[in-house]
Amino acid sequence: MKTFKMLSLELLQDDQLKSFPLTDGIIINQENSHKSWVLEMYMDRQYKAFFEPYLGTDEILEVRAVISYPDNEPAAFRVVVNAVKEIDNQVSVLLKGTLKTIRRQYAELLLDKLIDEGLEGDALLSQFKTDMKKRPRIKP
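Residues numbered from 1 in each chain as written. Predicted model: local features only at pLDDT ≥ 70, side-chain atom pairs only at ≥ 80, totals over all residues. Heavy atoms only, no water.

K.L.:
Before we move on, can you summarise the pairing of strand E6 (residues 75-87) with the specific residues and values?
P.N.:
Relative to E6, strand E5 (residues 61-67) runs antiparallel, the two being bridged by five bridges. Among the inter-strand pairings, Ala65 is bridged to a residue of E6, identified as Ala75. In textbook terms, the turn of a hairpin is the stretch between consecutive antiparallel strands, and for E6 and strand E7 (residues 90-99) this stretch comprises two residues, one of which, Asp88, has a positive phi near 55 degrees. (Pairing = 2+ DSSP bridges. Helix = DSSP H or I, 4+ residues; strand = E, 2+ residues; numbered from the N terminus.)

K.L.:
Outline the packing of helix H2 (residues 106-116) against helix H3 (residues 121-134), supporting the account with residue identities and numerical values.
P.N.:
Orientation of H2 relative to H3, taken along the N-to-C sense of each, is 140 degrees, at an axis distance of 10 Å. Considering the angle they form, H2 stands oblique to H3. Taken as a pair, H2 and H3 cross one another with a handedness that is right-handed. Together, Tyr106, Ala107, Leu110, Leu111, Leu114 and Ile115 of H2 and Leu124, Gln127, Phe128, Asp131 and Met132 of H3 make up the contact between the two elements. Its residues assigned to classes, the contact of H2 with H3 comprises nine nonpolar, one polar and one charged. (Axes fitted to C-alpha atoms, helices over the stretch in contact; angles between N-to-C directions. Parallel < 35°, antiparallel > 145°, perpendicular 65-115°, else oblique. Left-handed = near helix turned anticlockwise from the far one by under 90°. Contact = heavy atoms within 4.5 Å. Nonpolar A, V, L, I, M, F, W, Y, C, P; charged D, E, K, R; others polar.)

K.L.:
Tell me about the environment of Gln46, and name the residues and values.
P.N.:
Looking at the element boundaries, Gln46 is found in the loop between strand E4 (36-44) and helix H1 (48-51). Residue class for Gln46 comes out exposed when judged on its relative accessible area of 54%. Between the alpha carbons of Gln46 and Val91 there is a distance of 8.1 Å; along the sequence they are 45 residues apart. (Buried < 20%, exposed > 50% of the residue type's maximum accessible area, 1.4 Å probe, protein only.)

K.L.:
Hey, could you go over the side chain of Gln90 for me, with residue numbers and the actual values?
P.N.:
Structurally, Gln90 is set in strand E7. Classification of Gln90 as buried rests on a relative accessible area of 17%.

K.L.:
An account of the pattern of salt bridges is needed here, citing residue identities and associated values.
P.N.:
Taken as a whole, this structure holds nine salt bridges when the rule is applied. For Glu86, the salt bridge is made with Lys48, and the minimal N-O distance between the two is 2.7 Å. Placement of the pair is Glu86 in strand E6 and Lys48 in helix H1, with a sequence separation of 38 residues. Judged by relative accessible area, Glu86 falls into the partly exposed class, the value being 39%. The closest approach of N and O atoms between Lys100 and Glu62, which form a salt bridge, is 2.6 Å. One end of the pair, Lys100, is in the loop between E7 and H2; the other, Glu62, is in strand E5, and 38 residues separate them in sequence. (Salt bridge = Lys/Arg side-chain N within 4 Å of Asp/Glu carboxyl O.)

Structural data, given as structure tokens:
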């Protein structure tokens, strides 16, 4: 198994990314035949109500997590909510799932999108730099 520090988590819902501010987080690559990953987030108790309805269901959620360093490209996962537990004024949310394989890197997808939108020259470069920092969702 390998463990990584999780810096941020976003959940895709209705074609929108919802961010969850983390107090702390860890991601574990279980390195098993199922290619399973465990994501545990420690966050403010207010988010308990968001994740609890998914407990006991097999509803797959699509999430993106930034691992180890803030400048890393977010890793995409398909997960289910496995546990939600209150700890003092915080909540621990345990997700289990698999890494979503992406054939092309984010930068390439973004560049293709911006070119398709007709951007070029300085406008293209400026928007590319801005979007690389903000990381808007791109539909491949």
